[in-house]
Amino acid sequence: MMVVQLRYNFRVTPDAAQRTALAQAFGCARVVFNDGLRLRQQAREAGEKYLSDGDLSKLVITQAKATEDRAWLGEVSAVVLQQALADLNTAYRNFFASVTGKRKGRKVAPPRFRSRKDNRQAIRFTKNSRFKVLDNGRLRLPKIGDLPVRWSRTLPSDPSSVTIIKDAANRYFASFVVTVGEDEMLPPVEPEIGIDLGLTHFAVMSDGTKVTAPKFLRRAARKLKRLQQALSRKRKGSNRRKKAVIKVARAHARVADTRRDWQHKLSTAIIRDNQAVYVEDLCVTGLGRTRLAKSVHDAGWASFTTMLEYKAARYGRTFARVDRFFPSTRMCCDCGRINDKMTLNVRAWDCACGSHYDRDVNAAINIKAAGQADFNDRRAQVRPGLVPAPRSEAVTRQNAARATRSVAGIAVL
């Protein structure tokens with residue numbers, strides 16, 4: 001049975017007393033994390049053996065509560081403290097796996113100390129904490145209270161955990177982790193599609209459909225510039241500067257929410273209408289170091305392909321990535337001839353076989369062919385059995401993308 005974990009994010013609006021209780025929980029979790037990190041660093045510098053997870057829990061939670069300096073740790077839920085320490089243990093395991101080569105991808109840095117000035121503060125409650133969604137729609141958390149939740153949809157199953165997040169814009173969210181199974185599989189369809197991602201057109205399909213790049217950050221650049229200039233004029237440490245920081249954070253959050261909302265609608269439409277989706281495995285990190293870095297990050301290719309991947313696993317579709325070194329742009333989709341390298345300003349070209357191609361459409365056709373060939377060689381569906389929960393799965397602003405619903409080339413529903 002196909003099992004997929006998803007995160008459902010909802011806005012919560014705590015009152016003044018609940019915000020104070022959440023701030024206390026954020027601080028206690030941060031202290032436990034930092035105490036555990038400090039003890040392990042001290043043990044390493046002293047040449048002592050690595051502190052096990054159980055020993056560390058006794059030192060920074062159980063025994064610390066009995067001391068006068070850390071007695072206030074008992075005022076918050078014990079699960080919050082345990083999960084903070086679990087995050088530290090996970091960070092260490094990821095770091096060791098990266099150093100030894102067991103973890104693929106970019107190198108992971110060692111854990112760092114958390115600060116109360118970090119843009120994101122979070123605490124996590126598991127089933128052991130006995131959190132509960134009440135009949136009146138409120139979320140009951142131990143030693144926090146009943147938080148009002150702005151429900152935009154129902155949860156498909158009982159959540160296994162909930163994370164309360166405070167972002168840089170002083171907004172609070174409840175992120176539920178739920179598990180979905182085969183009951184959400186979509187009926188099979190015939191079309192298969194290859195997608196070439198770009199900057200002029202966000203996505204070009206192998207059937208010739210082109211989706212214009214919305215460029216959300218470029219649209220908001222004028223307002224962001226004005227708010228950033230106003231922030232730079234404020235004296236450091238003043239209350240007006242704190243308010244200006246929140247205004248800048250809210251403007252950036254609106255851009256991110258709008259982009260996420262639009263990508264969710266586009267990815268859902270693609271997965272719904274196609275049985276198999278093939279995309280090129282782009283090196284976004286490398287492209288982010290070029291002169292096109294701002295446009296690359298504004299496009300959000302990585303988050304979009306992640307949405308396609310987990311939605312394909314959720315709805316029973318096939319998803320595959322084509323090798324980034326595959327010459328999809330220079331290869332003729334009719335004769336297979338690989339031509340010389342072309343600059344970015346060449347948007348159409350003629351092959352020696354007499355064919356004339358749009359650069360992006362030809363690349364999308366080649367990506368589709370390469371993905372189908374790889375799929376046939378493996379004789380199995382190219383999709384993961386278990387997809388981890390994305391951090392920002394759900395849309396948090398219902399009207400975030402109202403201005404971008406009419407995108408050239410495709411109807412996003």
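Below, the structure is looked at part by part. (Residues numbered from 1 in each chain as written. Predicted model: local features only at pLDDT ≥ 70, side-chain atom pairs only at ≥ 80, totals over all residues. Heavy atoms only, no water.)

**Some remarks on the overall build of the chain**
Within the chain, the regular secondary structure consists of ten helices and 18 strands. Per-residue burial for the chain yields a buried fraction of 44% across its 413 residues. Considering only intrachain contacts with a sequence separation of at least 6, the fraction spanning at least 24 residues in the chain is 70%. Of the roughly 22800 Å² that the chain leaves accessible, carbon and sulfur atoms contribute 49%. (Helix = DSSP H or I, 4+ residues; strand = E, 2+ residues; numbered from the N terminus. Buried < 20%, exposed > 50% of the residue type's maximum accessible area, 1.4 Å probe, protein only. Contact = heavy atoms within 4.5 Å. Areas by Shrake-Rupley, 256 points an atom, 1.4 Å probe, with all protein chains shown as cover.)

**What about unusual backbone geometry?**
Positive phi, normally seen in glycine, also occurs at Arg 130, with a value near 60 degrees. You can see Arg 130 is positioned in the loop between strand 2 (121–126) and strand 3 (132–133). Relative accessible area serves as the criterion here: at 73%, Arg 130 is assigned to the exposed category.

**Notes on the sheet that holds strand 5 (residues 145–147)**
Read across the sheet, three strands follow the order 3-4-5 without closing on themselves; strand pairing throughout is antiparallel. The two strands at the open ends of the sheet, each matched to only one other strand, are strand 3 and strand 5. Both strand 4 (residues 139–141) and strand 5 contribute to a ladder of three bridges, which runs antiparallel. Of the residues in strand 5, the one forming a bridge with Arg 140 is Asp 146. (Pairing = 2+ DSSP bridges.)

**Some points on the side chain of Ser 175**
Within the secondary structure, Ser 175 sits in strand 8 (residues 172–180). A polar contact of 3.1 Å, which involves the side chain of Ser 175, links it to the side chain of Arg 7. Here Asn 9 takes part through its side chain, which lies 2.8 Å from a polar atom of the side chain of Ser 175. (Polar contact = N/O pair within 3.5 Å; in protein donor to acceptor, adjacent residues only side chain to side chain.)

**Here we look at the pattern of salt bridges**
Taken as a whole, this structure holds 16 salt bridges when the rule is applied. One network of salt bridges, in which partners are shared, links Asp 167, Arg 171, Asp 257 and Arg 260. (Salt bridge = Lys/Arg side-chain N within 4 Å of Asp/Glu carboxyl O.)

**Let's talk about the environment of Arg 324**
Among the structural elements, Arg 324 can be located in the loop between strand 13 (318–322) and strand 14 (348–350). Along the sequence, Arg 324 and Leu 282 sit 42 residues apart, while their C-alpha atoms lie 5.6 Å from each other. Setting aside residues no more than four positions away along its own chain, Arg 324 makes contact with Glu 280, Asp 281, Leu 282 and Cys 283. At 3.2 Å, the side chain of Arg 324 forms a polar contact with the backbone oxygen of Asp 281.

**Overview of the packing of helix 6 (residues 239–273) against helix 9 (residues 301–315)**
Interhelical geometry of helix 6 versus helix 9 gives an angle of 45 degrees and a closest axis separation of 9 Å. Between helix 6 and helix 9, the interaxial angle falls into the category oblique. Classified by chirality, the crossing of helix 9 by helix 6 is right-handed. Along the contact surface, helix 6 presents Arg 260, Gln 263, His 264, Leu 266, Ser 267, Thr 268, Ile 270 and Ile 271, while helix 9 presents Ser 303, Phe 304, Met 307, Leu 308, Tyr 310, Lys 311, Ala 312 and Tyr 315. For the contact of helix 6 with helix 9, a count of residues per class yields nine nonpolar, five polar and two charged. (Axes fitted to C-alpha atoms, helices over the stretch in contact; angles between N-to-C directions. Parallel < 35°, antiparallel > 145°, perpendicular 65-115°, else oblique. Left-handed = near helix turned anticlockwise from the far one by under 90°. Nonpolar A, V, L, I, M, F, W, Y, C, P; charged D, E, K, R; others polar.)

**Describing the packing of aromatic side chains**
This structure, assessed with the given rule, holds eleven aromatic pairs. Aromatic pair Phe 202 and Trp 262: ring centres 5.1 Å apart, planes at 75 degrees, arrangement edge-to-face. In this pair, Phe 202 sits in strand 10 (residues 201–205) while Trp 262 sits in helix 6, placing the two residues 60 residues apart along the sequence. When the centroid spacing of 6.0 Å and the interplanar angle of 65 degrees are considered together, the rings of Phe 216 and Trp 262 count as edge-to-face. Of the two residues, Phe 216 is situated in helix 4 (residues 216–219) and Trp 262 in helix 6; the sequence distance between them amounts to 46 residues. One cation-aromatic arrangement involves Arg 114 over Phe 33; the distance from NZ or CZ to the ring centre is 4.0 Å. (Phe/Tyr/Trp six-rings, centres within 6.5 Å; stacked < 30°, edge-to-face > 60°. Lys NZ or Arg CZ within 6 Å of the ring centre and 35° of its normal.)

**Some points on the packing of helix 5 (residues 221–233) against helix 6**
Running from amino to carboxyl end, helix 5 crosses helix 6 at an angle of 165 degrees, the nearest separation of the two axes being 9 Å. In this view, helix 5 runs roughly antiparallel relative to helix 6, as classed from their interaxial angle. Regarding helix 5 and helix 6, the two cross each other, and that crossing is left-handed. Along the contact surface, helix 5 presents Leu 224, Leu 227, Gln 228 and Leu 231, while helix 6 presents Arg 241, Ala 244, Val 245, Lys 247, Val 248, Ala 251 and His 252. Each residue belonging to the contact of helix 5 with helix 6 can be placed in one class, and the counts come to seven nonpolar, two polar and two charged.

**Regarding the pairing of strand 7 (residues 161–166)**
Successive residues of a regular strand alternate their side chains across the two faces of the sheet. With five of six residues buried, strand 7 is to be regarded as a mostly interior element. One ladder, built from six bridges, connects strand 2 with strand 7; its direction is antiparallel. Paired with Gln 121 across the strands is Lys 166, a residue of strand 7. Here six bridges tie strand 7 to strand 8, and the two strands are oriented antiparallel to one another. Along strand 8, the bridge assignment pairs Ile 165 with Phe 173.

**Details of the sheet that holds strand 11 (residues 210–212)**
Strand pairing within a sheet occurs via backbone hydrogen bonds; the two strands may be parallel or antiparallel. The strand order 11-10-9-12-13 describes an open sheet built from five strands, whose pairing is mixed. Strand pairing shows two members of the sheet lacking a second neighbour, strand 11 and strand 13, which therefore form its edges. Strand-to-strand, the axes of this sheet are offset by a mean angle of 20 degrees, without reference to chain direction. Bridge analysis of strand 9 (residues 192–197) against strand 10 gives three bridges, and the strand direction is antiparallel.

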